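Below, each chain spelled out in residue letters.
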Amino acid sequence: MTDDEYLTTGPLEPLIDSARQGNSEALGELLMVFRRYLVFLARTQLHHHMQAKADPSDLAQEACLAAHGNIANFKGQTIDEFTAWLRGILTNIVAMHLRKYLGTQKRDPRLEQNINHSLTNVSNFLQSGIAGDITSPSGNFERNEAFLRLAEGLEKLSDDYRRVIVLRNIEGMSFKEIAHLMGKTVNAVEKLWVRALAKLRENVGDAE
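The structure displayed is predicted, hence computed values, not measured ones.

Definitions and limits used
Residues numbered from 1 in each chain as written. Predicted model: local features only at pLDDT ≥ 70, side-chain atom pairs only at ≥ 80, totals over all residues. Heavy atoms only, no water. Helix = DSSP H or I, 4+ residues; strand = E, 2+ residues; numbered from the N terminus. Buried < 20%, exposed > 50% of the residue type's maximum accessible area, 1.4 Å probe, protein only. Contact = heavy atoms within 4.5 Å. Areas by Shrake-Rupley, 256 points an atom, 1.4 Å probe, with all protein chains shown as cover. Core = buried A, V, L, I, M, F, W, Y, C linked by side-chain atoms within 4.5 Å. Domains from an automatic or database assignment. Axes fitted to C-alpha atoms, helices over the stretch in contact; angles between N-to-C directions. Parallel < 35°, antiparallel > 145°, perpendicular 65-115°, else oblique. Left-handed = near helix turned anticlockwise from the far one by under 90°. Nonpolar A, V, L, I, M, F, W, Y, C, P; charged D, E, K, R; others polar.

K.L.:
Tell me about the overall build of the protein chain, residues and numbers included.
P.N.:
The number of helices and strands found in the protein chain is 10 helices and 0 strands. Listing each helix as α and each strand as β along the protein chain from the N terminus yields α-α-α-α-α-α-α-α-α-α. Counting every position in the protein chain, which comprises 208 residues, the buried fraction comes to 45%. Taking all contacts inside the protein chain whose residues are at least 6 apart in sequence as the whole, residues at least 24 apart take part in 67%. Total accessible area on the protein chain is roughly 10,400 Å²; 47% of this is exposed by carbon and sulfur atoms.

What follows is the structure in structure tokens.
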């Protein structure tokens, strides 16, 4: 199964149930479904800290491997519970990498809490707000799984498009702040954001 083929799969709860019972093939398929979600979450955490020192795809892969090794510890049954479990695993992995590269935070016990809070905010963004405007209940994709489609659409964007959406819609920055950060005029950033949203809608629509 490729990264794109997962969108044709049916409801995820049966896979979760099968994975909990020790079916490694089901778990592998399930993690393929969530992989781009994990990559996007990891990317948002690396944005400010160590873009050149860690690959979000590698962190997502580490999270998937950890999930394989710890599926016996997962006691949930729903998509929300599985999503939160994966997010917790990714939190620990991101924190480990941050400690490795940012020595000053080695003893800061708030690191995991801050990362988990940030990842939860990103996940909430995917499951509400802009997700409701961009995704559609049509097709064979269940509505409560639309956040996975949105995460995939975001991962397909160019770096500039994805960055302006993250800064504007997740981090809540003003166009003026984004313009300063990206070295562009306010007008250019506003137009970039509009084009980015249009491309995101196109990406999500193509996947349906």
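Here the narrative resumes.
K.L.:
Any chance you could break down the nonpolar core for me, citing the residues and the numbers?
P.N.:
Counting residues in hydrophobic clusters, the biggest one holds 63 residues, and the most contacted among them are Phe-34, Tyr-37, Phe-82, Leu-90, Leu-126, Leu-154 and Ile-165. Built from parts of two domains, this core gets at least three residues from each of domain 1 (12-156) and domain 2 (159-207). Aside from chain neighbours lying at most four places away, what touches Tyr-37 is Thr-83, Arg-87, Ser-123, Leu-126, Phe-147, Leu-148 and Ala-151.

K.L.:
Lay out the packing of helix 1 (residues 13-20) against helix 2 (residues 24-46) in plain terms, naming residues and giving numbers.
P.N.:
Packed helix pairs are characterised by how far apart their axes lie and by the angle those axes make with each other. At a closest axis distance of 7 Å, the pairing of helix 1 and helix 2 adopts a crossing angle of 135 degrees. The orientation of helix 1 with respect to helix 2, classified from their angle, is oblique. By crossing handedness, the relation of helix 1 to helix 2 is classed as left-handed. Contact residues: helix 1 offers Leu-15, Ile-16, Ser-18 and Ala-19, while helix 2 offers Ala-26, Leu-27, Glu-29 and Leu-30. Partitioned by chemical class, the residues of the contact of helix 1 with helix 2 number 6 nonpolar, 1 polar and 1 charged.

As far as function goes, none of this settles anything; it's purely spatial.
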